[in-house]
Amino acid sequence: MLEIRGLTAGYGRLAALKSIDLEVRTGEIVFVVGPNGAGKSTLLKTISGLMVPTGGTMTFNGEPITGQVPEKLCRKGLALVPEGRSIFRTLTVRENLLLGGMIRKDKAEAAADLERVLAIFPILKARYRGVAGHLSGGEQQQLAIARAILQRPSLMMIDEPSLGLAPLVIDQVYDSLRQLNADGLTLLVVEQSTARILDLASRIYVLRNGHVALEGSASDLADGHALEEAYFGYSDPQAAQA
Ligand SMILES: Nc1ncnc2c1ncn2[C@@H]1O[C@H](COP(=O)(O)OP(=O)(O)OP(=O)(O)O)[C@@H](O)[C@H]1O
């Protein structure tokens, strides 16, 4: 579904992504994990068109998408739930959700999707007329994901869905990701922590200092050793000394 080859991007002279190769196949949940500053958010921003790459190619469903603007990519079925969720805090839950479906012309189907989303996230149904800024962190995360679903993406990218959430709430958010994936949504999820991802992931990429340090299926990486080594850079002499 998504194929990335030799992708580079950065901020001025800082190279944040150094020749990234990555792919997401239809039906997968792919996780990208890595420490602070590894380039995870930059990767999602570049895929979703918020940043222009300095090199490399990206294709989505076989079509070249390198350098395309976010609105166009959104219409092609790519949705991003950014870090920090970026919901509209002064609007109601309902209004936030309606904004998600705004770009759609199939209004009857959008209404049916809204019902489906409220069934997946019952807390949003309970708080439907309430102000989004009054939701807890976990509820806001669910709202951000629900709003992205209403764009009817074929690939949803989520930047650190567990950020700042209590373990029980992370379980709820991850359960909803599992359910969405079972319903046919392909997911590319960025997380800083490797805890909990093995149960959910189809495949995992470890990003360090802007490059892919490791890629493997969840079953290949199940014992966690290779994952830890790549994450902390034990096989990288410079990182090991630091
Ligand atoms: N707006 C910016 N201007 C300049 N440098 C930036 C900017 N945003 C990120 N960087 C730098 O780019 C590199 C990659 O940052 P990025 O935010 O992509 O990492 P990350 O893996 O998402 O980290 P975190 O888990 O802390 O969010 C870091 O060195 C960071 O300091």
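In this text the structure is predicted, and so the values were computed from the model without any measurement.

**Quick look at the sheet that holds strand 1 (residues 2-11)**
Right, so step 1: In space, the four strands of this open sheet follow the order 2-1-4-5, with antiparallel pairing throughout. Sheet topology places strand 2 (14-24) and strand 5 (63-64) at the edges, where each strand pairs with a single neighbour.
Right, so step 2: Of the strand pairs in this sheet, strand 1 and strand 4 (residues 55-60) are connected by five bridges, and their pairing is antiparallel. Bridging from a neighbouring strand, isoleucine 4 pairs with methionine 58 of strand 4.
Right, so step 3: Where helix 1 (residues 40-47) meets the sheet, it contacts strand 1, strand 2 and strand 4, and its direction lies at approximately 65° from that of strand 2.

**Observations regarding the pairing of strand 4**
Right, so step 1: Here strand 4 runs beside strand 5; their pairing, made up of two bridges, is antiparallel. Each bridged residue has a counterpart across the sheet, and for threonine 59 the counterpart in strand 5 is proline 64.
Right, so step 2: Connecting the antiparallel pair strand 4 and strand 5 is a turn made up of two residues, with asparagine 61 showing a positive phi of about 50°.

**Digging into the sheet that holds strand 8 (residues 186-191)**
Right, so step 1: One open sheet accounts for six strands, arranged 6-7-8-3-9-10; its pairing is mixed. Strands at the two margins of the open sheet, each flanked by one partner only, are strand 6 (78-81) and strand 10 (211-217). Sheet twist, expressed as the average angle between the axes of neighbouring strands with direction ignored, equals 15°.
Right, so step 2: Pairing geometry for strand 9 (residues 203-208) and strand 10, over six bridges, is antiparallel. Along strand 10, the bridge assignment pairs arginine 208 with histidine 211.
Right, so step 3: Packed onto the sheet, helix 1 meets strand 3 (29-33), strand 6, strand 7 (155-159), strand 8 and strand 9 and runs at close to 150° relative to strand 7.

**Here's the deal with the pairing of strand 8**
Right, so step 1: Among the six residues in strand 8, six count as buried, and that is most of the element.
Right, so step 2: Of the two faces of strand 8, the one holding Thr186, Leu188 and Val190 and the one holding Leu187, Val189 and Glu191 are both buried throughout.
Right, so step 3: Alignment of strand 3 against strand 8, held across five bridges, turns out to be parallel. Considered in strand 8, the bridge of valine 33 is made with glutamate 191.
Right, so step 4: In this sheet, strand 8 lies alongside strand 7 in parallel orientation, the contact comprising five bridges. Opposite isoleucine 158, over in strand 8, you have valine 189 as the bridge partner.
Right, so step 5: Assessed by its sense of winding, the connection that carries the chain from strand 7 through helix 7 (residues 167-182) to strand 8 is right-handed.

**As for the confidence of the model for the chain**
Right, so step 1: For the chain, mean pLDDT is 89; residues scoring 70 or higher make up 97% of the total.
Right, so step 2: Model confidence for the complex is summarised by a pTM of 0.90, with the ipTM given as 0.96.

**Considering helix 1**
Right, so step 1: Taking burial as the measure, the eight residues of helix 1 include seven buried ones, the bulk of the element.
Right, so step 2: Within helix 1, the full set of buried residues consists of Lys40, Thr42, Leu43, Leu44, Lys45, Thr46 and Ile47.
Right, so step 3: Phi for glycine 49, located one or two positions after helix 1, is positive at around 90°.

**Considering the site of the ligand**
Right, so step 1: Tyr11, Leu14, Ala16, Gly34, Asn36, Gly37, Ala38, Gly39, Lys40, Ser41, Thr42 and Gln192 make up every residue found near the ligand.
Right, so step 2: Where the shell around the ligand is concerned, the elements lending two or more residues are strand 2 and helix 1.
Right, so step 3: In terms of residue count, the dominant contributor to the shell around the ligand is helix 1 (three residues).

**What to know about unusual backbone geometry**
Right, so step 1: The backbone of serine 19 shows a phi angle near 55°, a positive value even though the residue is not glycine.
Right, so step 2: Given 14 C-beta atoms within 10 Å, serine 19 falls into the partly exposed group.
Right, so step 3: If you check the backbone angles, glutamate 160 has positive phi at about 50° while not being a glycine.
Right, so step 4: With respect to the helices and strands, glutamate 160 occurs in the loop between strand 7 and helix 7.

**Side note on the packing of helix 3 (residues 93-100) against helix 6 (residues 137-149)**
Right, so step 1: With their axes 7 Å apart at the nearest point, helix 3 and helix 6 run at an angle of 35° to one another. Classified by chirality, the crossing of helix 6 by helix 3 is right-handed. Side by side, helix 3 and helix 6 meet where Val93, Asn96, Leu97, Leu99 and Gly100 of the first sit next to Leu143, Ala146, Arg147 and Ala148 of the second.
Right, so step 2: Looking at the contact of helix 3 with helix 6 residue by residue, the class counts come to six nonpolar, two polar and one charged.

Criteria and cut-off values
- Residues numbered from 1 in each chain as written.
- Predicted model: local features only at pLDDT ≥ 70, side-chain atom pairs only at ≥ 80, totals over all residues.
- Pairing = 2+ DSSP bridges.
- Helix = DSSP H or I, 4+ residues; strand = E, 2+ residues; numbered from the N terminus.
- Contact = placed C-beta atoms within 7 Å.
- Axes fitted to C-alpha atoms, helices over the stretch in contact; angles between N-to-C directions.
- Buried ≥ 20, exposed ≤ 12 C-beta atoms within 10 Å, placed from the backbone.
- Right-handed = clockwise from strand over helix to strand, strands pointing away.
- pLDDT = per-residue confidence, 0-100.
- Near = placed C-beta within 6 Å.
- Left-handed = near helix turned anticlockwise from the far one by under 90°.
- Nonpolar A, V, L, I, M, F, W, Y, C, P; charged D, E, K, R; others polar.

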